Amino acid sequence: LGIDPSAEEDLLWIAHECLTSELPPPWSEHASSRGDVYFYNSETDESVVEHPLETQYRAIVEEEKRKRLTGAQDRGGDSHGGWTDGGGAADLDDAERAVPI
């Protein structure tokens with residue numbers, strides 16, 4: 001999704017939500033004989049290795065990064081995205097954090 005876990009810990013909730021969200025119909029998750037995970041669309045008979053919602057979650061990551069940059073510029077260059085005391089997902093209110101970690 002383009003998240004650096006050590007530098008962008010406050011965005012890990014997005015990865016968590018992506019990995020735990022239910023697949024939209026008609027997608028289902030499967031594993032190959034080698035154990036590789038793939039996703040199957042029963043309507044189109046298509047199999048892919050990328051999670052069907054990955055594009056949407058990548059867009060959320062990019063939007064959150066834009067918000068961070070815009071907020072940092074508004075505050076005069078704060079490179080921490082406005083977090084204090086270590087910050088992170090725990091500082092977000094429920095409207096900003098879809099899934100707590």
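Residue numbers here run from 1 along each chain, matching the order of that chain's written sequence. Totals for whole chains, interfaces and linings use all residues, but because this is a predicted model, local features are given only for residues with pLDDT of at least 70 and pairs of side-chain atoms are given and counted only at 80 or more. The side-chain figures draw on all heavy atoms in the structure; neither hydrogens nor water molecules are used.

K.L.:
Before we move on, can you summarise the overall build of the protein with the specific residues and values?
P.N.:
Strands here are runs of E lasting at least two residues and helices are runs of H or I lasting at least four, both read from the DSSP assignment and numbered beginning at the N terminus. The helix and strand inventory of the protein stands at two helices and three strands. Beginning at the N terminus, the succession of helices and strands in the protein can be written as α-β-β-β-α. Each residue is assigned to one of three classes by its accessible area relative to the maximum for its type, calculated with a 1.4 Å probe on protein chains only: buried under 20%, partly exposed between the two thresholds, exposed over 50%. Buried residues in the protein amount to 26% of all 101 residues. Only heavy atoms matter for contacts: two residues are in contact if any of them lie within 4.5 Å across the pair. Summarising the internal contacts of the protein: among those between residues at least 6 apart in sequence, 47% fall at separations of at least 24.

K.L.:
Now, about the pairing of strand E1 (residues 27-31): what can you tell me, with residues and values included?
P.N.:
Both E1 and strand E2 (residues 37-41) contribute to a ladder of five bridges, which runs antiparallel. Paired with Trp27 across the bridge in E2 is Asn41. In short, DSSP must find at least two bridges between two strands for them to pair. Connecting E1 to the antiparallel partner E2 that follows it, the hairpin turn spans five residues, and Gly35 within it adopts a positive phi of roughly 95°.

K.L.:
Describe the sheet that holds E1, listing the residues and the values that go with them.
P.N.:
Taken in spatial order, the three strands make up an open sheet running E1-E2-E3, and their pairing is antiparallel. Only two strands of the sheet have a single neighbouring strand rather than two, namely E1 and strand E3 (46-48). Taking each pair of neighbouring strands and ignoring which way they run, the sheet shows an average axis angle of 30°. Alignment of E2 against E3, held across three bridges, turns out to be antiparallel. Note on E3: the bridge partner recorded for Phe39 is Val48. Between the N-to-C directions of two axes lies an angle of 0 to 180 degrees, each axis being a line fitted to C-alpha atoms and, for a helix, fitted only over the stretch in contact.

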